[in-house]
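The chain contents come next:
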Amino acid sequence: MAVAHDTAAVASSVGIADGGTITTTLTIGSNTNRLVYGGVTWTDTSGLGASVSSVTFGGSAMTFIGTVGVTQVDDSYYFIAPSTGSQSMVTTFSGADITVNCVQGVESMYNVHQTTPLGNSNANSGLDKTPTVTVANCSVDSMVVDTVIYPNGAQTLTLTVGANQTQRWNSSIGAGSSRFRGAGSTEPVTAAGSIVMSWTATITTAVEWVTQAVEFIVVATTASTPQKTLVGVGA
């Protein structure tokens, strides 16, 4: 048994003001030991200090994992045991006179440990064309999920997911100098050790990117005890 992908969805929104929201809706399958991961990649084009005030899934608060970035921000959250069917992740922003552009992706998984789902994690930033983050000491049968935000302004940009990863979303948003691309992927851990999550940016001039990745642990399994056959008893 290993952590496995169920479904994923993405939404994008421009010009989010104080108290405004972004909503990503997807349909959760009926597999057991479910978990959803939410990656919120955003910029505040006003420069007036926007912040995330709440993040919910199915109306209940999600658990914060981590954040990276200042000008371009990559936040991550998770929610254990979501209900099946159509559910939504809703992120609310706050700050006077803010203008936020956001790409929000949600990844649904199953066979995830329900009490201690998080394994190792890491974040990184750089000024080149190869956004990369390494998660060390991953356990076999777990799943690593990453998100990345790469601003491109007026430049044309494509992001190509790394080997062994599966792209779950890849969306461009904004106009002019405020354009960026937010993307996410998964990679199953088939052998214990370090997992490198990477993307390749096709762009003329490199721009500063930020990325983070987190490992989700497989649910504990209980080995069955074989029945013993007693030979000669009662003969």
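Refer to the structure above for everything that follows.
Below or above, wherever it landed, is the structure these notes cover. For clarity, every value in this text was computed on a predicted model and none was experimentally measured.

1. A short note on the side chain of Ser-171
Following the sequence through the fold, Ser-171 ends up in strand β14 (residues 166-173). In contact with Ser-171, not counting residues within four places along its chain, are Val-10, Ser-12, Val-103, Phe-180, Arg-181 and Gly-182.

2. Description of the packing of aromatic side chains
This model, assessed by the stated rule, comprises five aromatic pairs. Their ring planes at 75° and their centres at 6.0 Å tell us that Tyr-37 and Phe-216 sit as a pair that is edge-to-face. Note that Tyr-37 is positioned in strand β3 (residues 35-44) and Phe-216 in strand β17 (residues 208-216), a separation of 179 residues in sequence. The burial state of Tyr-37 is the same as that of Phe-216; both residues are buried. Look at Phe-57 and Phe-79: their rings are 5.8 Å apart centre to centre, the planes differ by 40°, and that puts the pair in the tilted class. Of the two residues, Phe-57 is situated in strand β4 (residues 51-57) and Phe-79 in strand β7 (residues 72-80); the sequence distance between them amounts to 22 residues. On the accessibility criterion, Phe-79 (16% relative accessible area) is buried.

3. Topic: the sheet that holds strand β8 (residues 85-94)
Taking strand neighbours across the sheet as the criterion, the four strands line up as β2-β8-β4-β5 in an open arrangement whose pairing is antiparallel. The sheet is open, and its two edges are formed by β2 (21-28) and β5 (60-61), each paired on a single side. One ladder, built from eight bridges, connects β2 with β8; its direction is antiparallel. Looking at the pairing, Thr-24 lines up with Met-89 of β8.

4. Quick word on the environment of Thr-27
Structurally, Thr-27 is set in strand β2. Separated by 91 residues in the primary sequence, Thr-27 and Leu-118 place their C-alpha atoms 23 Å from one another.

5. A closer look at the sheet that holds β14
Read across the open sheet, the five strands follow the order β10-β17-β12-β15-β14; overall the sheet is antiparallel. Among the strands making up the open sheet, the edge pair consists of β10 (118-127) and β14. On average, each strand axis in the sheet is tilted by 10° relative to the strand beside it, whichever way the strands run. As defined by bridge partners, strand β12 (residues 143-151) adjoins β17 across seven bridges and the pair is classed as antiparallel. Pairing of Val-145 across the sheet is with Val-214, part of β17.

Rules and cut-offs
- Residues numbered from 1 in each chain as written.
- Predicted model: local features only at pLDDT ≥ 70, side-chain atom pairs only at ≥ 80, totals over all residues.
- Heavy atoms only, no water.
- Helix = DSSP H or I, 4+ residues; strand = E, 2+ residues; numbered from the N terminus.
- Contact = heavy atoms within 4.5 Å.
- Phe/Tyr/Trp six-rings, centres within 6.5 Å; stacked < 30°, edge-to-face > 60°.
- Buried < 20%, exposed > 50% of the residue type's maximum accessible area, 1.4 Å probe, protein only.
- Pairing = 2+ DSSP bridges.
- Axes fitted to C-alpha atoms, helices over the stretch in contact; angles between N-to-C directions.

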